Amino acid sequence: MNSPRHRSLSLGNLRAFEALARRLSFSEVADELHVTQSAISRQIKTLEDELGAPLFVRGTRHVHITPHGQTLLRVVQPWLTQLDAGVRQIRSQRGRQRVSVTTFASFASLWLLPRMEAFQKAHPDIDLRVSAHDRVEELDDPELDMALRYCSRAQAPAGAVRLFGEILTPVVSRQLMEQVRQGHAPPLSQPADLAEHTLAEEDDDKVSTEYLTWRHWFAQRQAPAVQPRRWLHLNFTYQQVQAALAGQGVALARVALVAEALERGELVEPFGPGGRIGSPYAYWLIVAAASQARSEVRQFAAWIEQQAAVTRAAVGEVER
């Protein structure tokens, strides 16, 4: 196995190093790269460990670059400049404008992708690239222009634009609700009735998942937790929505991501608006510092904000 000093150096760590060498301020670098100060500190520490040499001397109020840091900077700074220039040249040679966005899979499936056709019709000269998965990609990658993230206000980086908050509600398919009304399925008019139904639960170990559980919903509704007829554990939000649409049970859905399905009547809130609860998490737009000046990125970001305003209206969120 290779030792840390023989591994390839991370591009993200090198970008953090170059920015800190220029600014000599963790807070300013965090603002520039749209990450937290602790993230920058970890990146620098990892780079120092990989090189086996200190790159900065950290004081109470000041940061100083070491001779080892100066040596590395003389190599890294022109290399990053050349790399970014090459990326821009490749993009321009393609002859088309492109915006690359990273987000998590459920947000892409339920909110972003259903809306993108409207943007592409209005801007046929702009190509979109969506990278959708559940690991957080940092915007130090020159191929990424923006991120659509789900986090608390405290976790949102400097410059992030809040799109809308988180509201959760039980949902079932229109067909299942019709069976309930006709007496062909167990009642579903109060929380205790959930004991006779299948409950779809998000199976994830992220901290935010605590707010997406049925246990939390029962506590917020001041109702005793019930043991359902069966549990259906699923990894992703969009899978729970698909299960509900297929009539396989009751899902605890994120209202902002199913607002259109509720409006069309494909999904129904059995307990109405009274079944809704909030959480401290929200959805955010973050634009990479290196991409903010490009017109196509500004147009797509403005469109995202317009679509978010429509969602806020649909879920009845008060403007902040």
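Preceding this section is the structure that the text describes.
None of these values were measured; they are calculated from a predicted model.

### Comments concerning the side chain of E48
Mapped onto the secondary structure, E48 falls in helix α3 (residues 37-51). Not counting residues up to four positions away in its chain, the partners in contact with E48 are A53, P54, L55, F56 and R58.

### What about the environment of F107?
With respect to the secondary-structure elements, F107 resides in helix α5 (residues 105-122). Measuring from C-alpha to C-alpha, the distance between F107 and A256 comes to 9.7 Å, with 149 residues separating the pair along the chain.

### Notes on the nonpolar core
Residues L112, M146, L194, F300 and I304 are the most contacted members of the largest nonpolar core, which totals 62 residues. Excluding anything up to four places from it in sequence, I304 contacts W111, L112, L148, L163 and L285. With 22 residues, the next largest nonpolar core counts V35, A39, I40 and L73 among its residues.

### Some points on the pattern of salt bridges
Scanning the entire structure with this criterion turns up 18 salt bridges. For the salt bridge of E32 with R23, the shortest nitrogen-to-oxygen distance reads 2.4 Å. Taking the relative accessible area as the measure of exposure, R23 reaches 37% and is therefore partly exposed. One network of salt bridges, with partners in common, ties together E18, R22, R23, E28 and E32.

### Digging into the layout of surface pockets
Taken as a whole, the second largest pocket encloses approximately 550 Å³ of empty space. Among the secondary structure elements, those contributing two or more residues to the lining of the second largest pocket are α1 (11-23), α2 (26-33) and α4 (67-93). When residues of the lining of the second largest pocket are assigned to their parent elements, the largest contribution, seven residues, is made by α4.

### Focus: the environment of A132
Within the element layout of this structure, A132 appears in strand β4 (residues 126-132). Considered as a pair, A132 and F104 are 28 residues apart in the sequence and their alpha carbons are 5.1 Å apart.

### Remarks on empty space enclosed by the protein
Within this structure, the stated rule accounts for two cavities of 30 Å³ or more. Its boundaries defined by the atoms lining it, the largest cavity holds a volume of some 60 Å³. Lining the largest cavity are G12, L33, V35, Q43, E138, L139 and D140. Surrounding the second largest cavity, E202, L212, T237, Q240, L252, A253 and R254 form its lining. At the level of secondary structure, the elements contributing two or more residues to the lining of the second largest cavity comprise α8 (237-245) and β9 (250-254). The element that contributes the greatest number of residues to the lining of the second largest cavity is β9, accounting for three residues.

### Some details on the packing of aromatic side chains
For the structure shown, the criterion picks out 20 aromatic pairs. Measuring from centroid to centroid gives 5.1 Å for Y150 and Y283, while their planes differ by 45°, and the two rings are tilted. With Y150 in strand β5 (residues 146-152) and Y283 in strand β11 (residues 277-287), this residue pair connects regions lying 133 residues apart in the sequence. For Y150, a relative accessible area of 15% corresponds to the buried category. The exposure class of Y283 is buried, given its relative accessible area of 1%. Plain terms: the ring middles of F236 and Y238 are 5.6 Å apart, the flat faces sit at 10° to each other, and that makes the pair stacked. The class for F236 is partly exposed, based on a relative accessible area of 26%. Relative accessible area serves as the criterion here: at 22%, Y238 is assigned to the partly exposed category. A connected cluster of aromatic rings, assembled from ring pairs, spans F104, F107, W111, Y150, F164, Y211, Y281 and Y283.

Reading guide: rules and limits
- Residues numbered from 1 in each chain as written.
- Predicted model: local features only at pLDDT ≥ 70, side-chain atom pairs only at ≥ 80, totals over all residues.
- Heavy atoms only, no water.
- Helix = DSSP H or I, 4+ residues; strand = E, 2+ residues; numbered from the N terminus.
- Contact = heavy atoms within 4.5 Å.
- Core = buried A, V, L, I, M, F, W, Y, C linked by side-chain atoms within 4.5 Å.
- Buried < 20%, exposed > 50% of the residue type's maximum accessible area, 1.4 Å probe, protein only.
- Salt bridge = Lys/Arg side-chain N within 4 Å of Asp/Glu carboxyl O.
- 1 Å grid on protein atoms, 1.4 Å probe; cavity = no way out; pocket = protein on both sides within 12 Å on 5 of 7 lines; lining within 4 Å.
- Points joined across faces, edges and corners; volume = space filled by probe spheres on them.
- Phe/Tyr/Trp six-rings, centres within 6.5 Å; stacked < 30°, edge-to-face > 60°.

Bear in mind that shape data such as this cannot, by itself, settle questions of function.
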